Amino acid sequence: QVQLVESGGGLVQPGGSLRLSCAASGAISSITAMRWYREAPGKEREFVAGISTDSNSQRNYLDSVEGRFAISRDSAKNMVYLQMDGLKPEDTAVYYCNAHIQILHSIRAYNYWGQGTQVTVSS
């Protein structure tokens, strides 16, 4: 089975930086896109950033993080990263990795989620 595992969360002061990583492993044939979501206490999970897996590496961001966050990928390692600079208290949330993945020898693709990593921004 496919697994997504996040790492890199922690506690930082406002204005600080963190780099999140997500590694996909298992019987993977292809990945169509990789994304980051976040979920703050009492709020619904929201999209943060995404990147396509084609040669264009199309990126898109939540308006409130654009210019501060940067998503990137390493196709050879099936990994995606989220560099977060200029962090604000409102960025505090559990961050989740998400990917749509086709399994080897299967015609269908499925949506997979990681377990989440906590990011806390506080003075």
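In what follows, the accompanying structure is described. Residue indices follow the written sequence of each chain, beginning from 1 at its first position. Two thresholds apply to this predicted model, a pLDDT of at least 70 for residue-level local features and 80 or more for giving and counting side-chain atom pairs, whereas whole-chain, interface and lining totals are computed over all residues. To get the side-chain values, all heavy atoms of the structure are used, and hydrogens and water are removed first.

1. So, the state of the cysteines
Next, step 1: Cysteine sulfurs are considered disulfide-paired once they come within 2.5 Å of each other. One pass over the full model with this rule turns up 1 disulfide.
Next, step 2: Linked covalently through their sulfurs, Cys22 and Cys97 form a disulfide whose S-S length is 2.1 Å. Taking the sign of the torsion about the S-S bond as the criterion, the disulfide between Cys22 and Cys97, at about -80 degrees, is left-handed. One end of the pair, Cys22, is in strand E3 (residues 18–25); the other, Cys97, is in strand E9 (residues 93–103), and 75 residues separate them in sequence.
Next, step 3: For every residue, the accessible area (1.4 Å probe, protein chains only) is compared with the maximum for its type, and the residue is labelled buried under 20%, exposed over 50%, or partly exposed between those bounds. Judged by relative accessible area, which is 0%, Cys22 ranks as buried. Counting from the N terminus, the helices are DSSP H or I runs at least four residues long and the strands are E runs at least two residues long.

2. A few points about the environment of Tyr61
Next, step 1: Residue placement: Tyr61 occurs in strand E6 (residues 59–61).
Next, step 2: A relative accessible area of 18% places Tyr61 in the buried class.
Next, step 3: Separated by 27 residues in the primary sequence, Tyr61 and Lys88 place their C-alpha atoms 16 Å from one another.
Next, step 4: Any N or O atom pair separated by 3.5 Å or less is treated as a polar contact, with the protein-specific requirement of one donor-capable and one acceptor-capable atom, and with residues adjacent in sequence counted only for side-chain atom pairs. A polar contact of 2.9 Å, which involves the side chain of Tyr61, links it to the backbone nitrogen of Ile71.

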